[in-house]
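Structural features, examined
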Amino acid sequence: MGTVTSTGRSALVGMWMAVTVVMSAGCASPGGGGSEASCAFRVEYDGRLYADVSRAEFTTGGKLGPAVLPPCDDSPGDGDGQAPPESTTAYAVEGVDPAVAIAVDDAPDGVLFVVDSGDDLPPEVKKLIRDS
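As the structure is a prediction and not an experimental result, all values here were calculated from the model.

This part is about the pairing of strand 1 (residues 42–45). For strand 1 and strand 2 (residues 48–53), the ladder comprises 4 bridges, and the chain directions are antiparallel. Residue Tyr-45 lies in a different strand from strand 2, and its bridge partner there is Arg-48. Counting the residues between successive antiparallel strands, the hairpin from strand 1 to strand 2 contains 2 residues, one of them, Asp-46, with a positive phi of roughly 50°.

What follows is the structure in structure tokens.
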């Protein structure tokens, strides 16, 4: 198998980010009815559910405490959601209230977690999103 050039690597990263955004947009909100055909990267922290937003440029702040990655139940072998949730650690995002957005240990670079507040991102989060 050949090596991946920086251009090829950038294309792969871009493709991954686009898939992440599409997956996030395609899942229904918790309790909102509708189909949840695939799992988005979600985190529960301090009684709130956060969804992933990619292409963010932010600085991670201090440790907030334990967070949970809920199990995914989108395929037949998942045990109908009976898998135990995974633990992780939530961190503050500098300049953004943790009630709005957090970062977590296991997330890829550039992925921020934002409280599900409808279709529009809060203004303090919009300013962190890269256009390309």
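With that out of the way, let us pick up the pairing of strand 4 (residues 86–93). As paired strands, strand 3 (residues 60–69) and strand 4 are joined by 7 bridges and run antiparallel to one another. Considered in strand 4, the bridge of Lys-63 is made with Tyr-91. Across 2 bridges, the pairing between strand 4 and strand 5 (residues 101–104) is antiparallel. Residue pairing in the sheet places Tyr-91 in a bridge with Ala-103 of strand 5.

Before going further, it helps to examine the pattern of salt bridges. Going through the model one piece at a time under the given rule, you end up with 3 salt bridges. The salt bridge partner of Asp-46 is Arg-48, with a shortest N-O separation of 3.2 Å. Residue Asp-46 is classed as exposed on the basis of its relative accessible area, which comes to 53%. Note on Arg-48: relative accessible area 24%, which makes it partly exposed. Between Lys-126 and Asp-120 there is a salt bridge, with the nearest N and O atoms lying 3.0 Å from each other.

Reading guide: rules and limits
- Residues numbered from 1 in each chain as written.
- Predicted model: local features only at pLDDT ≥ 70, side-chain atom pairs only at ≥ 80, totals over all residues.
- Heavy atoms only, no water.
- Pairing = 2+ DSSP bridges.
- Helix = DSSP H or I, 4+ residues; strand = E, 2+ residues; numbered from the N terminus.
- Salt bridge = Lys/Arg side-chain N within 4 Å of Asp/Glu carboxyl O.
- Buried < 20%, exposed > 50% of the residue type's maximum accessible area, 1.4 Å probe, protein only.

What is shown is where atoms sit, not what they do.
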